[in-house]
Amino acid sequence: MDGKKLEYKGENALKEIEKLTTTAGEVQYGILKEILKRNAETEYLNKYMKGSIDVSQFKSCVPVITYKNIYPYIQRIANGEDSFLITGQTITEILCSSGTSAGEPKLTPSIAEDLDRRTFLYNLIMPIMNQYIPGLDDGKAMYLYFVKAELSTPCGLPFRTVLTSYYKSKHFKCRTRDPFNDFTSPDQAILCNDSNQSMYCQLLAGLVHRHQVMRLGAVFASALLRAISFLERKWAQLCNDIRTGHLDLSIIDPACRSAMMSILSSPNPDLADEIESICSRPSWKGILCHLWPRAKYIEAVVTGSMAQYIPPLEYYSAGKLPLVCTMYASSECYFGVNLKPICDPAEVAFTLLPNMGYFEFLPLGENGALAMDMDEEEAVPNDRLVDLVNVKVGCYYELVVTTFSGLYRYRIGDVLQVTGFHNQAPQFRFICRRNVVLSVDNDKTNEEDLHRSITTAKKLLEPYNALLVEYTSYADTSSVPGHYVLFWEIQMVDSATSIDAKLLQECCVTVEEELDYVYRQCRSREKTIGPLEIRVVEPGTFEALMDLIISQGGSINQYKTPRCIKSSTALKLLNSHALASFSSPRDPKWIPLNG
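This write-up is about the structure you can find in this document. Keep in mind it's a predicted model, so treat the numbers as computed, not measured. (Residues numbered from 1 in each chain as written. Predicted model: local features only at pLDDT ≥ 70, side-chain atom pairs only at ≥ 80, totals over all residues. Heavy atoms only, no water.)

## Focus on the sheet that holds strand E1 (residues 91-96)
Here is step 1 of the chain: In space, the 4 strands of this open sheet follow the order E2-E1-E5-E4, with mixed pairing throughout. Strands at the two margins of the open sheet, each flanked by one partner only, are strand E2 (107-111) and strand E4 (151-152).
Here is step 2 of the chain: Relative to strand E5 (residues 158-160), E1 runs parallel, the two being bridged by 2 bridges. Bridged to Leu 95 within E5 is Arg 160.
Here is step 3 of the chain: Lying on the sheet, helix H5 (residues 67-78) is in contact with E1 and E2; it crosses E2 at an angle near 60 degrees.
Here is step 4 of the chain: The strands touched by helix H6 (residues 112-130) within the sheet are E1 and E2, with E2 carrying the most contacts at an inclination of about 90 degrees. (Pairing = 2+ DSSP bridges. Helix = DSSP H or I, 4+ residues; strand = E, 2+ residues; numbered from the N terminus. Contact = heavy atoms within 4.5 Å. Axes fitted to C-alpha atoms, helices over the stretch in contact; angles between N-to-C directions.)

## Digging into the nonpolar core
Here is step 1 of the chain: With 172 residues, the main nonpolar core has Ile 70, Trp 292, Phe 359 and Trp 488 as its most contacted residues.
Here is step 2 of the chain: With 12 residues, the single largest contributor to this core is helix H11 (residues 221-244).
Here is step 3 of the chain: If we skip the residues at most four places from it in the chain, Ile 70 touches Tyr 44, Ile 65, Ile 86, Gly 406, Leu 407 and Tyr 410.
Here is step 4 of the chain: By size, the runner-up hydrophobic cluster in this structure holds 12 residues, among which are Val 537, Phe 542, Leu 548 and Ile 565. (Core = buried A, V, L, I, M, F, W, Y, C linked by side-chain atoms within 4.5 Å. Buried < 20%, exposed > 50% of the residue type's maximum accessible area, 1.4 Å probe, protein only.)

## Some details on the pattern of salt bridges
A side chain with one charge can pair with a side chain of the opposite charge if their charged atoms come near.
Here is step 1 of the chain: Going through the model one piece at a time under the given rule, you end up with 28 salt bridges.
Here is step 2 of the chain: For Arg 76, the salt bridge is made with Glu 81, and the minimal N-O distance between the two is 3.0 Å.
Here is step 3 of the chain: Overall, the relative accessible area of 29% leaves Arg 76 in the partly exposed class.
Here is step 4 of the chain: Measuring nitrogen to oxygen at the nearest pair gives 3.0 Å for the salt bridge that ties Arg 411 to Glu 398. You can see Arg 411 sitting in strand E15 (residues 410-422) and its partner Glu 398 sitting in strand E14 (residues 396-402), a full 13 residues away along the chain. Across the pair, exposure class does not vary: Arg 411 and Glu 398 are buried alike.
Here is step 5 of the chain: Through salt bridges with shared partners, one network takes in Glu 34, Arg 38, Glu 113, Asp 114 and Arg 117. (Salt bridge = Lys/Arg side-chain N within 4 Å of Asp/Glu carboxyl O.)

Following this line, the structure appears as structure tokens:
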């Protein structure tokens, strides 16, 4: 991407959006031609294209793939082979996705100019927001951003999350300072690998600047709720720091400590008293508005699995702060922006920007049913894909992307619905991740992984003549951190035997040990997911569940027990039949990847 595009601000940024979307078809064709021109001689593309850069040959010869198809190439590069296996540019880092059913995070190749594309998209956000909420340059943003400790691949490439990559890059650290990216958090606090110290310092900085804060946010809604929970536990300590002008001794990161001591330049007992008066109220309803009275909105991802966090965020803001979801992105590619950010979270739609990558779409029918029926690894005919400008309003699609960094016709796994167009560029509502049934934070547990984990755990019941008759699940986010809940109906074959609490607790642990790497990381290291819980329900509960679903219009001929409960009525039924509850007594084993 041309570096000059990093300078788009204000009206120029809006004009660029209009230009790109008005010529979306031409831009897409140009992007694909440029990718083929740069990468035609790579081992991967040459296998199908024989050096050709013809677009029609690409569409007829290059297969639609999933992660397992490209993984061997990425693994070879991570082990030291040349980037030219898949891309004509040098791969500068390997990004790890938030999760995968393969047991470890997905590895995504990234080249230097990918950071230019990400920065380009970030630079569009404030010009869009300024159309709807004026005066945002008259204060600060309290955005809670975090990095994760990075590792290295065997050949020495950095191995990290896409956000850690961005925050550690010159694009973030050397960004041009202007009123729209004036954050309360010092960079040193954002870049601290210790999440507790980082959280403490960022909240402290936000409280010190409470009367200047114009907007609140985090990348994911779950992170913002974790911050509120942290504040509930630490507000007295934070007030003491402000009152005395001395930073708590628990902050031992040198860079953090130095930056925060500059912010705590002198004692401020009046400010500490204000915050103490607010935080000591019996109810924290509207706490965000009380602590940051000038805030005009909350920015966070509240689509997909994050939608479950909308009610608590509305509680803590007393419904007075709009929940804004500004952009759509993944480790593999950044996709687009929300051109109408002040809308109901249920109505969020993203306009895909045609210069970010080459986009194709796998039709999933008018109601998205094929997303559930189609095997994720099922071969997709090349001619089944639809170009960006040819999707149809109301229809569902799975997003397929081709990138400069070496992904070709790669199925992202996101199910989208077309809601309209902005000029030639389609606008999509994010529906869900394919096959994901449970998610609390960065975890993405699909039905297959859940079934495999429970199959392993239920073997612990067999020596006690107990059988697991049926099960379902849901993500309980009524408290922070949220956690997985499994409803188990257990049948005792021999009435003379019984099972005790320790056995069910071990079942909880066994399920967690069998879940994927990211889940176990969130549980054991990040502490962003709480202990898994099994609620044992009385005999006949799942028959009652079936009766309920059929009474609501389900077909008895096609009925299958839902493996994840979304209906509040069904959840109420299950909980009303619960006999006992058991939780994991310890964290599951988790060993950091060593490359």
